[in-house]
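# Structure at a glance
These are the residues of each chain, in order.
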2 protein chains.
Amino acid sequence: MPPVAPRSGDAIFASVERVNAELFTLTYGAIVRQLLTDLEEVEEVNKQLDQMGYNIGIRLIDEFLAKSNVARCVDFKETAEVIAKVGLKMFLGVTATVTNWDTEGTTCSLVLEDNPLVDFVELPDNCQGLYYCNILSGVIRGALEMVSMKTEVTWIRDMLRGDDAFEMQVKLLKQVPEEYPYKDDE
Amino acid sequence: MPPVAPRSGDAIFASVERVNAELFTLTYGAIVRQLLTDLEEVEEVNKQLDQMGYNIGIRLIDEFLAKSNVARCVDFKETAEVIAKVGLKMFLGVTATVTNWDTEGTTCSLVLEDNPLVDFVELPDNCQGLYYCNILSGVIRGALEMVSMKTEVTWIRDMLRGDDAFEMQVKLLKQVPEEYPYKDDE
């Protein structure tokens, strides 16, 4: 049997079950509002969104690997491209540009071309410290951890804070290549 | 110019922006888990999910009316059919069967043929009183209120509680036909 070719983000996105993006956006907005009410401190909300994203990422990676037919990436550079062009496309329907590599090839930025999380969102004055999209950086951190890459993912540009784009910095802290990363089905 | 024909739920769903259903499901699961942690009482979580849904519904109705070209429904029976065949399809990608009408034509059930909210979900023993999908009944209640129908929407069958289907009862409490329902853009 010939090997199964990796599928493009577009092809996968077209084939998976989907829900209306506005419903997702409003549902996510409802979470953030709820956390702001319950936790009060914006810093705590940032942490909680990141943690929720992490918990989602460690589950989503399974669907990603099952549906994308992506082979193990040879290095972090390839990994970043796969997230930008296949992973984000498959789940959010958008892509990102990979840029701002450091000389070691362990830190780069993902610049989002579109961000369905923030449609209709404006931050009130008392939420200026909020990283509204922290769930997304958490998802990437969680998903990468399940394929043996410990990373730090931080927002360095955020249009909700007045920047001209959404830019996440992904920093590879540690890679454990020999360990087989999949968890048993839970 | 000929009048614009109403569009089928399938056609609308195919044309709107969408995100991956598993991402939505896991994100919704993360909300419920968060609420269970923060609020402790299952009854409070039920109320909060309903309220979140209501807040989403009063927003989503605008997209529904804008995209569906559905004309004002002549009665509650037609409204129920439109929710079941167009609204649910447009947002969740599923449809429902309308059944169990009372003799006055003011109470019916929506029986869901599929429910993307509950994929991978099992309720732990200490959450047996949880109405996990209460956000959905809240959405319908909120959306209907914006078209002048005050309703009560309750789950009467829930597969997470061991029933053989998901069934929401929608009860029309009051209809205010003369009032124009749209809010100004916020």
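Here we summarise the structure given alongside this text. Nothing here was measured: the structure is a model prediction, and the numbers come from that model.

Rules and cut-offs
- Residues numbered from 1 in each chain as written.
- Chains lettered and ligands numbered in written order.
- Predicted model: local features only at pLDDT ≥ 70, side-chain atom pairs only at ≥ 80, totals over all residues.
- Heavy atoms only, no water.
- Least-squares fit on C-alpha atoms with pLDDT ≥ 70 in both.
- Contact = heavy atoms within 4.5 Å.
- Pairing = 2+ DSSP bridges.
- Helix = DSSP H or I, 4+ residues; strand = E, 2+ residues; numbered from the N terminus.
- Axes fitted to C-alpha atoms, helices over the stretch in contact; angles between N-to-C directions.
- Parallel < 35°, antiparallel > 145°, perpendicular 65-115°, else oblique.
- Nonpolar A, V, L, I, M, F, W, Y, C, P; charged D, E, K, R; others polar.
- Buried area = accessible area lost by both parts, 1.4 Å probe.
- Salt bridge = Lys/Arg side-chain N within 4 Å of Asp/Glu carboxyl O.
- Polar contact = N/O pair within 3.5 Å; in protein donor to acceptor, adjacent residues only side chain to side chain.

Turning our attention to the relation of the copies chain B and chain A. With an RMSD of 0.0 Å, the fit of chain B onto chain A corresponds to turning through 180 degrees and sliding 0.0 Å along the axis. Taken together, the rotation angle and the small translation identify this as a two-fold axis. Interface overlap between copies: 100% of the residues of chain B at the interface are likewise at the interface in chain A, consistent with a symmetric, same-surface contact.

What follows deals with the sheet that holds strand 5 (residues 166–175) of chain A. All names here are of chain A. Spatial ordering of the open sheet is given by 2-3-5-4, a layout of four strands whose pairing is antiparallel. If you trace the sheet from one side to the other, it starts and ends with strand 2 (96–99) and strand 4 (149–157), each paired once. For this sheet, the mean angle separating the axes of adjacent strands, direction not counted, is 25 degrees. As paired strands, strand 2 and strand 3 (residues 107–112) are joined by four bridges and run antiparallel to one another. By the bridge assignment, T99 is partnered in strand 3 with S109. With respect to the sheet, helix 5 (residues 134–146) is in contact with strand 3, strand 4 and strand 5, its orientation differing from that of strand 4 by roughly 160 degrees.

The next subject is the sheet that holds strand 3 (residues 107–112) of chain B. All names here are of chain B. Taking strand neighbours across the sheet as the criterion, the four strands line up as 2-3-5-4 in an open arrangement whose pairing is antiparallel. In the strand order of this sheet, the two ends are held by strand 2 (96–99) and strand 4 (149–157), each with one partner. Put simply, the sheet's adjacent strands are angled 25 degrees from each other on average, direction ignored. Strands strand 3, strand 4 and strand 5 (166–175) of the sheet are contacted by helix 5 (residues 134–146), whose axis makes an angle of about 160 degrees with strand 4.

To continue, consider the packing of helix 3 (residues 42–68) of chain B against helix 4 (residues 76–92) of chain B. Helix-helix packing: each pair is described by the crossing angle between the helix axes and the interaxial distance. Residues and elements named next belong to chain B. Between helix 3 and helix 4, the least distance of the axes is 11 Å, while the angle of their chain directions is 105 degrees. Taken together, the axes of helix 3 and helix 4 are roughly perpendicular relative to one another. For the pair helix 3 and helix 4, the contacting residues are L60, E63, F64, K67 and S68 in the first and V82, V86, G87, M90 and F91 in the second. Taken together, the residues that form the contact of helix 3 with helix 4 break down as six nonpolar, two polar and two charged.

This part is about the interface of chain B and chain A. Counting from both sides, the interface comprises 28 residues of chain B and, opposite them, 29 residues of chain A. Of the roughly 3100 Å² buried where chain B meets chain A, counting both sides, 63% is carbon and sulfur surface. Remark: the boundary between chain B and chain A carries zero salt bridges. At the boundary of chain B and chain A, one finds nine residue pairs in polar contact (both at pLDDT 80 or more). Looking at the side of chain B that touches chain A, the elements with two or more residues in it are strand 1 (18–20), helix 2 (21–39), helix 3 and helix 4 of chain B. The element that contributes the greatest number of residues to the side of chain B that touches chain A is helix 2 of chain B, accounting for 11 residues. Grouping the constituent residues of the side of chain B that touches chain A by class yields 18 nonpolar, four polar and six charged. Taken together, the three bridges between strand 1 (residues 18–20) of chain A and strand 1 of chain B define a ladder with antiparallel strand orientation. Along strand 1 of chain B, the bridge assignment pairs V19 of chain A with V19 of chain B.

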